[in-house]
Every structure is written in structure tokens, then in C-alpha cells.
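# What the coordinates show
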Amino acid sequence: MKKKVISFFKLREELGLNFYFQDFLFRKILRKNSRAKWAVHFTSTIHHPEKIIRGKNVFPGDSPGNYIEASNGITIGDFTNLGPNVGILSSNHNNIDNSKTIVAPPIIIGSFCWIGMNAVILPSVVLGDFTIVGAGAVVTKSFTDGHCVIAGNPAVEIKKLDKTACDQFRRTTL
């Protein structure tokens, strides 16, 4: 007798499993990302979620494929979104002995930011409010003033945002 093998993705499709059921299954039963206190997509990985400070309406890892390593700490401001496959790495290893990690200042991402698909944010980076990180960007340095669009490898500022319009949007949102 031939056995039928079905993948999780096919089973999910056939049963109509929603995001919150998947979150319950993977975090509570299978214990993947179980220490996160918020819903996390089952394909995302969060190391040290207890060292993540989240603002209002912020759920790091709710997009597919996020990789967040927060051993040195990460602070994310209000209403900031991470696109799919975003990597946020708060620590690095010693160049000679990769079993040793380097202590670095925490990553700080401001409010009303958008981190585009496949972007990578490296240790010690500070992004000001209203910073948009383009898809595939590698952020190696800080953009503390915010109100800008950054992109590239390494990321550079490609556009300034109207600070008055951003502040008006903030007042209407809060």
C-alpha cells in the first residue's frame, strides 16, 4: 500500500489554517520562538526576544522569514514594520575566534520606520524616526536624523522626506 505524503504547506492550504493558529501551533506546541510574547510567523526566527523593546503596534518576526538576533538588545519604535526576510543582527563574532561574540551597543530603530524585504541591519545601528530602508539594503552605519530613504550595499541616503508632512502624519496617527 502506497502512503500519501503531504507537506505542512499543503495541509495548511487544505485546512485553511490562519496566521494565529499557525502561531499557536509553532510557538505553544512545537516551542519554536516560544519565548516571544507576541505572534511570530512560523518561518521567522527570533533569538533573545526578551532583549527586544517594542513600541506600539510593533511585532518583529510577524513577516515570513525574518531573522532577528537580539543578544545585545534591539529597540523598535511605534508603528515600525519589517518586511519579509529582514535580518537584524545585534552582535557579531570575533574575527579570529568565532566562538567569542563582540559586545556592541543595542540597535535602535525609530518610530514609523519601514524595513524593506531582504534588508539587513547590522550591530550598533541607530535609525531615526521615519527611516525607510529599501529592499535588499545592508545597513552598516547609523542614520540618526531619520526622515529619509536609504538603500544599497552599504546603505546610503537616497532621498529626504518632508519632516513637516511626517510630523503631521504622526499627530493624526497617535
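Residues numbered from 1 in each chain as written. Predicted model: local features only at pLDDT ≥ 70, side-chain atom pairs only at ≥ 80, totals over all residues. Heavy atoms only, no water.

### Brief notes about the overall build of the protein
Stated precisely, the cut-off is as follows: Helix and strand definitions here come from DSSP, where helices need a minimum of 4 consecutive H or I residues and strands a minimum of 2 consecutive E residues; each element is numbered from the N-terminal end. Partly exposed residues are those whose accessible area sits between 20% and 50% of the maximum for their type, while under 20% is buried and over 50% is exposed, using a 1.4 Å probe and protein chains only. Contacts are assigned to residue pairs with any non-hydrogen atoms lying within 4.5 Å of each other. A 1.4 Å probe and the Shrake-Rupley method give the accessible areas. Residues count as covered only by the protein chains that appear here.
Counting secondary structure elements, the protein contains 3 helices and 16 strands. Among the 174 residues that make up the protein, the fraction classed as buried is 39%. In the protein, the share of contacts with a sequence separation of at least 24, taken over all contacts with a separation of at least 6, comes to 21%. Working note: accessible area of the protein is about 10100 Å², and carbon and sulfur atoms make up 57% of it.

### Some thoughts on the sheet that holds strand 6 (residues 87–89)
Heads up, the rule is: Here the rule is simple: two strands pair whenever DSSP picks up at least two bridges between them.
Overall, parallel pairing links the 5 strands, which are arranged 1-3-6-11-14 in an open sheet. Where the open sheet ends on each side, the last strands, each with one partner, are strand 1 (45–47) and strand 14 (138–139).

### Quick word on the side chain of T80
Let me state the cut-off plainly: Pairs of N or O atoms are called polar contacts if they sit within 3.5 Å, as long as, within protein, a hydrogen donor faces a hydrogen acceptor (for residues adjacent in sequence, only side-chain-to-side-chain pairs).
By the secondary structure assignment, T80 is in the loop between strand 4 (74–76) and strand 5 (81–82). Residue classification places T80 among the buried positions, given a relative accessible area of 3%. For T80, the side chain forms a polar contact with the main-chain oxygen of G77, separated by 3.4 Å. Of the polar contacts made by the side chain of T80, one reaches the backbone oxygen of G110; its length is 2.7 Å.

### Here's the deal with the state of the cysteines
Test applied: Defined by distance alone, a disulfide is two cysteine sulfur atoms within 2.5 Å.
Under the criterion given, the structure shown has 0 disulfides. With no disulfide of its own, C113 lies 8.5 Å from the sulfur of C148, the closest cysteine sulfur.

### Observations concerning the nonpolar core
The following threshold applies: Buried Ala, Val, Leu, Ile, Met, Phe, Trp, Tyr and Cys residues form a nonpolar core when they are joined through side-chain atoms within 4.5 Å.
With 28 residues, the main nonpolar core has I88, I109, I115, I121, L127 and V139 as its most contacted residues. When residues of this core are traced back to their parent elements, those giving at least two are strand 4, strand 9 (107–109) and strand 15 (148–151).

### A short note on the side chain of T131
Assignment of secondary structure puts T131 in strand 13 (residues 131–133). For T131, a relative accessible area of 0% corresponds to the buried category. Among the polar contacts listed, one links the side chain of T131 to the backbone oxygen of G128, at a separation of 2.7 Å. When neighbours within four sequence positions are excluded, T131 is seen to be in contact with F112, C113, W114, F143, G146, H147, C148 and I150.

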